[in-house]
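The chain contents come next:
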Amino acid sequence: MPAVSKGDGMRGLAVFISDIRNCKSKEAEIKRINKELANIRSKFKGDKALDGYSKKKYVCKLLFIFLLGHDIDFGHMEAVNLLSSNKYTEKQIGYLFISVLVNSNSDLIRLINNAIKNDLSSRNPTFMNLALHCIANVGSREMAEAFAADIPRILVAGDTMDSVKQSAALCLLRLNRTSPDLVPMGEWTSRVVHLLNDQHLGVVTAATSLITTLAQKNPEEFKTSVSLAVARLSRIVTSASTDLQDYTYYFVPAPWLSVKLLRLLQCYPPPEDAAIRGRLSECLETILNKAQEPPKSKKVQHSNAKNAVLFEAISLIIHHDSEPTLLVRACNQLGQFLQHRETNLRYLALESMCTLASSEFSHEAVKTHIETVINALKTERDVSVRQRAVDLLYAMCDRSNVQQIVAEMLNYLETADYSIREEIVLKVAILAEKYAVDYTWYVDTILNLIRIAGDYVSEEVWYRVIQIVINRDDVQGYAAKTVFEALQAPACHENLVKVGGYILGEFGNLIAGDPRSSPLVQFNLLHSKFHLCSVPSRALLLSTYIKFINLFPEVKGTIQEVLRSDSQLRNADVELQQRAVEYLRLSCIASTDILATVLEEMPPFPERESSILAKLKRKKGPGMVPDIEEGRKDKNVNGGMEPISTNATTKSTPSPSTDLLSLGSSPALSSAPPSSSAGGLLVDVFTENHAPAAPGVPMGPVADDNFSRFVCKNNGVLFENQLVQIGLKSEFRQNLGRMYIFFGNKTSTQFLNFSSSVICQDSLKTQLSIHIKPADPTVDGGAQLQQILNIECVSDFVEAPVLSIQFRYGGTLQNIAVKLPITLNKFFQPTEMTSQDFFQRWKQLSSPQQEVQKIFKAKHSMDTEVTKAKIIGFGVALLDRVDPNPSNFVGAGVIHTKTTQVGCLLRLEPNTQAQMYRLTLRTSRDTVSQRLCELLSDQF
Amino acid sequence: MIKAILIFNNHGKPRLTRFYQYFAEDMQQQIIRETFHLVSKRDDNVCNFLEGGSLIGGSDYKLIYRHYATLYFVFCVDSSESELGILDLIQVFVETLDKCFENVCELDLIFHVDKVHYILQEVVMGGMVLETNMNEIVAQVEVQSRMEKSEGGLSAAPARAVSAVKNMNLPEIPRNINIGDINIKVPSLSPF
């Protein structure tokens, strides 16, 4: 080893790193780092100008400190200075610091952009590369704005070096991702596509990445890339392994490029041109054939590279989904991999087979591997692989193998990793429901699920089983019997108590004939679990009890006694106490008929998307859950089950509500129908004078809390309570305006008889004309309704119109009235004028009634920028350099009404010391001056 | 797209981190910790892919990693990348490091973070694979070294810098670091 002189390398840096490594404790390390930071800071701040080498050294130290997890809040400027150095190493470290530490909205971007601009035009390929790297790594919008036009030019220029072309292609790709609107491709398209023919494979690889991304967004424009990609791929696949020299990786010719080309082809359907199509099929066959050849090397790199191409080819075959022979060959190949000794290949094979299972050509072929997959579930040591096996079983499941698959999944669930239990529970629940051969099996399966993994059974799952039992009368008796038996277990999961409570409350009568499950036995069994349950479950059980009183008059006394006990009537929990009181009262005073009506069996649930499926989709992200039924396009012969399961997946409500039983809004559950306002019905029983508010009653209080917020802006939330949110978007031009009102239903229940109107009181009727388009009478739970107002300002006005809405929510009529922020200033058109003009007009409007002045205290902080924004938002033009005092604000505009136009000048003088403002308005009409002054003075 | 590249040692100490999507500093550190936690508890002969941690972006993302002696190389990628391809890319990156540093070891990464960044920049740019041909990458790095030398600043071959550190006889370097042990074993290229 040659001795190294002291000047060689950055010794200071090495010493610092060694110091850090030598620190015995975290505290010592932090101390050392703080010392160094102080040192660097003082060096940067010091009077002595640092030479490039020192700057480089300190920036390097900062990078190291950052790597250790410490925030770096200085040094950026020094790094930016390094960018303009002529020395390569200094430039390089500057760029490195910036791409690691500067985020895209730094205020230094402009300076950085300058340096980049210089380097891009330097014609020095190394410098150009540094600059392109920096753009790609930071990828901010400002950079896109500055360079989006230059980079395509560099990319396609004839004299650009290959390495620069590569960087330019990826740089363009990055900018296209971050700011697609700024990267106009149009004129460059065909030249970019032709990069696929470039001599240099590195350039082709980078260009393929770029084209793939662009083609995903704009397939039509890049269609010509298909034939070029096929040709290129064909040349690679058929080449001898040494032809491509450096791009041959462990005997595999250009594996990365092959993978990228196959990805690009997945953006398109199979080529229409028969010749190209034939050539592509040939390529794919060759790749499949090569997989069967003995390996040319025992190295794992060889097999990885070869299989990377193979898996991508299989993906393309699955994507095209058109050639049965290729699909079956792909499936067989994956079948081999399922038993491969490389874990990675088993993992990928399971993953690819998942997509293959959704093709109708290969679904059957995939099913033949069921034993292997089940075996993988049992024997794989790696949880990632087991999870893929679960996914594949889920994908290959249909009516013929559902019992086996569900049984295996349940088996696995007992020992499964905690991290994937919930997902397995959801999958079992979905499969059991979807492919149930008979519903007794379904009920058994779900109860098993609760027994094995009760903690992981989410509400959706048990809601769903109840929903199904209620909707299918052939399974109700069996369900009641089964839950009754399951509840006999000394320790059962709370979810089982909930399901049991609900089902017995509804259908307990179906098994009451058997003396072993007589009403009293049922009640005692449920009540024995009561004290072990949480509050929501207890609330549910109380509802079960009141239902029992209706079903079995003979246990009324026993139950009333329970309800009457102190632990219920005086329960600390408000919900439980209220239920106990109300149910007890109900059972005492209501006649049998009323009881029978109030506590009637639940009506069937409307069909909607399975909430479990919705949950799985949420968990895995959209698109990650193959919609088995639709994807496979197969027709299940067994139609008997369809209405419940499969229709549910194709229908989608505006918001797939998780709150199946409408139980979510209050944690306590009520099984009394319609449960959304359990109180509402009971009120009817107890009081005679309950009269629902009749439509057309005089308006209640008018809400105007948010009114003044809209004076200087047009969009936002106008009103919000627990049920509804009202949002506004509006635009105004001259004397006309349009307002979009959005009514959002925040509950999961439909609003009925929804109506809205706009009321103009007294003189406002003649001053404003408002047309409202009628809206739908219903607003679904979680949905939003839009209504459009067309507004015309006839003459100037003071009052604001009132928006009044009514709807029925859960049996009660709701009335809401809100002041609509349609204010006079909305009809401003800003007017630019010179200082001279302004003062001339100002003088013209000098009669006392034309001017209104107000002096008031600032309600908000007196920020100049905020004030400017408000004045502009108010509608006038903000005039610069008109007022001799620069801290004053001056504005001008014209109010447009149908009958007349009113010019308006305003001046706002802030006094920051006194925290006061003086606002002066001059217009040709006194009412306008007055109103505008009121409106605007309220804003500061 | 590659969202992040993380290199840390068996104790979770980061040796190089590179994020191609903006994360705040403390988030970066959390991601590193979470990733270490996920990766380090896995046996050596299980598969090299696992679903990404919660921090970095849910189930569309995968962690693809390799474990070499004392170091983990972890790439966090989305579904547009080929898993095996990335696995090979990690190998290419490590082989390149090995060539540039002459038997690379963890110390090289510690004392020459900047160098490692430059080499990585020749492989991955803005989250996209830039170059996969090792000879090409090494050639680019050599061009850089020559420019450095001509400027007479930092330099000499990196290997010499390492040896400088190794021979500096700084008493503070803990004795238990056995260079031989932490060598990253890279299979040598078989001759064509």
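That block above? That's the structure.
Being a predicted model, the structure only gives us computed values, none of them experimental.

(A) Layout of the environment of B:Tyr72. Mapped onto the elements, B:Tyr72 comes out in strand β5 (residues 71–77). If near-sequence neighbours (up to four positions away) are discounted, B:Tyr72 is found in contact with B:Leu6, B:Ile7, B:Phe8, B:Asn9, B:Asn10, B:Val39, B:Ser40, B:Tyr65, B:Arg66 and B:His67.

(B) Spotlight on the nonpolar core. A:Ile112, A:Ile116, A:Leu449 and B:Ile2 are the most contacted members of the largest nonpolar core, which has 279 residues in total. In terms of residues, this core owes the most to one element, helix α2 (residues 83–101) of chain B, which gives 11 residues. Excluding its chain neighbours within four sequence positions, the residues that come into contact with A:Ile112 are A:Val80, A:Leu83, A:Ile98, A:Val102, A:Cys134 and A:Met143. Judged by nonpolar contacts, the second largest core, of 60 residues, contains A:Ile822, A:Phe856, A:Leu906 and A:Leu935.

(C) Looking closely at the sheet that holds strand β7 (residues 768–772) of chain A. Residues and elements named next belong to chain A. As summarised here, the arrangement of the five strands in space is β3-β4-β5-β8-β7, forming an open sheet in which the pairing is antiparallel. Each edge of the sheet is formed by a strand with only one pairing partner; in this case those strands are β3 (716–720) and β7. For this sheet, the mean angle separating the axes of adjacent strands, direction not counted, is 25°. Direction of pairing for strand β5 (residues 736–745) relative to strand β8 (residues 784–793): antiparallel, over a ladder of nine bridges.

(D) Geometry of the packing of aromatic side chains. One pass over the full model with this rule turns up 30 aromatic pairs over all chains. Taken together, a centroid distance of 4.1 Å and an interplanar angle of 20° make the contact between A:Phe751 and A:Phe807 stacked. Of this pair, A:Phe751 sits in the loop between β5 and β6 (752–759) while A:Phe807 sits in strand β9 (residues 802–809), and the two are 56 residues apart along the sequence. Residue classification places A:Phe751 among the buried positions, given a relative accessible area of 1%. Since its relative accessible area comes to 0%, A:Phe807 is described here as buried. Between B:Tyr68 and B:Phe73, the aromatic rings sit 5.5 Å apart at their centres with planes inclined by 85°, giving edge-to-face as the arrangement. For B:Tyr68, a relative accessible area of 7% corresponds to the buried category. An aromatic cluster of three or more residues is present, and its members are A:Phe743, A:Phe751, A:Phe754, A:Phe807 and A:Tyr809. If you follow B:Lys3 out to its NZ or CZ, it ends over the ring of B:Tyr61, 3.8 Å from the centre.

(E) Expanded view of the pairing of strand β10 (residues 812–819) of chain A. All names here are of chain A. For β9 and β10, the ladder comprises eight bridges, and the chain directions are antiparallel. Residue pairing in the sheet places Phe 807 in a bridge with Gln 814 of β10. Linkage of β9 to β10, two consecutive antiparallel strands, is achieved through a turn of two residues, within which Gly 810 is found at a positive phi near 55°.

(F) Examining the interface of chain A and chain B more closely. Each side of the interface is counted separately: chain A has 80 residues, and chain B has 78 residues. With both sides pooled, the region where chain A packs onto chain B buries about 7,300 Å², and carbon together with sulfur makes up 55% of that total. In terms of surface lost to chain B, no three residues of chain A exceed A:Arg21, A:Leu67 and A:Trp256, which account for 10% of the buried area on that side. At the surface where chain A touches chain B, the tally comes to six salt bridges. In this structure, B:Lys62 and A:Glu351 form a salt bridge, with 2.6 Å as the shortest nitrogen-oxygen distance.

(G) Focus on the pairing of strand β4 (residues 724–733) of chain A. Residues and elements named next belong to chain A. Pairing geometry for β3 and β4, over four bridges, is antiparallel. Residue pairing for β4: Val 717 is matched across the bridge by Gly 727. Count of turn residues in the β3/β4 antiparallel hairpin: three residues. Inspection of the sheet shows β4 paired to β5 by 10 bridges, in the antiparallel sense. The partner of Ser 730 across the bridge, within β5, is Met 739. Taken together, β4 and the strand that follows it, β5, pair antiparallel across an intervening segment of two residues, in which Gln 734 is found at a positive phi of about 50°.

The rules behind each value
- Residues numbered from 1 in each chain as written.
- Chains lettered and ligands numbered in written order.
- Predicted model: local features only at pLDDT ≥ 70, side-chain atom pairs only at ≥ 80, totals over all residues.
- Heavy atoms only, no water.
- Helix = DSSP H or I, 4+ residues; strand = E, 2+ residues; numbered from the N terminus.
- Contact = heavy atoms within 4.5 Å.
- Core = buried A, V, L, I, M, F, W, Y, C linked by side-chain atoms within 4.5 Å.
- Buried < 20%, exposed > 50% of the residue type's maximum accessible area, 1.4 Å probe, protein only.
- Pairing = 2+ DSSP bridges.
- Axes fitted to C-alpha atoms, helices over the stretch in contact; angles between N-to-C directions.
- Phe/Tyr/Trp six-rings, centres within 6.5 Å; stacked < 30°, edge-to-face > 60°.
- Lys NZ or Arg CZ within 6 Å of the ring centre and 35° of its normal.
- Buried area = accessible area lost by both parts, 1.4 Å probe.
- Salt bridge = Lys/Arg side-chain N within 4 Å of Asp/Glu carboxyl O.

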